[in-house]
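A look at the structure
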Amino acid sequence: RSIMASTWESVQVDGNKMRLYGSLAESGGPVPGIVVVHGQSGLENFIKDTTQMLALQGYATVAPNLYHRDGEDCKDENPVRKARLRDPSIIKDIEGAIGFLKNHPRVNARKLGIVGFCMGGRIVYLMSAASKDLTAGVMFYGSSTMVPFGEGPTPFDRTREIHCAIQGHFGANDQNPSPDDMRKLDAELNRYGKVHEFHTYAGAAHAFCNTGSANYRPHAAALSWPKAMEFFSRHLVGNVSAGGAN
């Protein structure tokens, strides 16, 4: 049995050192890679736990710190830090994390996915259009997909550019994304013939998977995670038991 190791890594983005929290089994490979994208709360324990959980399922995972431009000593509240983020910089940051996985000797560079929560779910939608390296994206309650961070198009505006399969998880009681937002995203993805599947959970609001959040709902987390794991397995691993990989 392989033992899993979690480490802090870093990559250079715009002349800054961006830290990544990574998890990977200590032997074996090459394995698919997944970028884990945090929400407003930053690189909290829930995000680290998620990289470890995915590594236990056989993936190489990294979670980039999207607040790295603030410097190590920044004491600002998370909403203030989030308000400084701009889409062109976010894209560079996620491309830095993707590049780290692509260049890792034990990662299959042709099998890369992304998963994100809240703001990170929005970034999954954005990156599924902005990056050509991704095969599968799982967005958990991606907020503000119809709003730009700074100048430029919104993630929603870039739907026609999406080239990887997308899975979305939404709380029926969420306000952002609201059920109406979800329907708009679904209609736009359908309009452009994009491969996607959306799942809604009754009795769940925003951040229902985020352990540590007051909105954590075990029933919805327990339903959504197996769907996400099956989706990643289908698109990044392929169903070997059915006679060969896709």
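Above this text you will find the structure in question.
Residues numbered from 1 in each chain as written. Predicted model: local features only at pLDDT ≥ 70, side-chain atom pairs only at ≥ 80, totals over all residues. Heavy atoms only, no water.

The next subject is the pairing of strand 5 (residues 107-117). Taken across its 11 residues, strand 5 has 9 buried, putting it largely inside the fold. Two strands pair when backbone bridges link them, and strand 3 (residues 31-37) and strand 5 are joined in this way by 6 bridges, in the parallel orientation. When the bridges of strand 5 are listed, Gly-33 appears paired with Leu-112. Relative to strand 6 (residues 136-140), strand 5 runs parallel, the two being bridged by 5 bridges. (Buried < 20%, exposed > 50% of the residue type's maximum accessible area, 1.4 Å probe, protein only. Helix = DSSP H or I, 4+ residues; strand = E, 2+ residues; numbered from the N terminus. Pairing = 2+ DSSP bridges.)

So, about unusual backbone geometry. Apart from glycine, the bulk of residues carry a negative phi angle, and the bulk of peptide bonds sit in the trans form. Between Asn-176 and the following residue, Pro-177, the backbone shows a cis peptide bond with an omega angle of 10 degrees. A positive phi angle is found at Tyr-141, which is not glycine, with a value near 35 degrees. Here Tyr-141 is to be found in the loop between strand 6 and strand 7 (165-171). A positive phi angle, near 55 degrees, is found at Ser-144, a position not held by glycine.

Turning our eyes to something else, we now look at helix 6 (residues 218-237). For helix 6, spanning 20 residues, the distance from its first C-alpha to its last is 27 Å, which sits close to the expected 28 Å at 1.5 Å a residue. Inspection of helix 6 places Ala-220, Ala-221, Ser-224, Trp-225, Ala-228, Met-229, Phe-231, Phe-232, His-235 and Leu-236 among the buried residues, and these make up the whole buried set. In an axial view of helix 6, the angular spread of the buried residues amounts to 165 degrees, which keeps them on one side of the axis. A positive backbone phi angle near 85 degrees is found at Gly-238, which sits one or two residues after helix 6. (Expected span 1.5 Å × (residues − 1). Arc of directions from axis to C-beta.)

Limitation: the analysis is restricted to geometry and does not speak to function.
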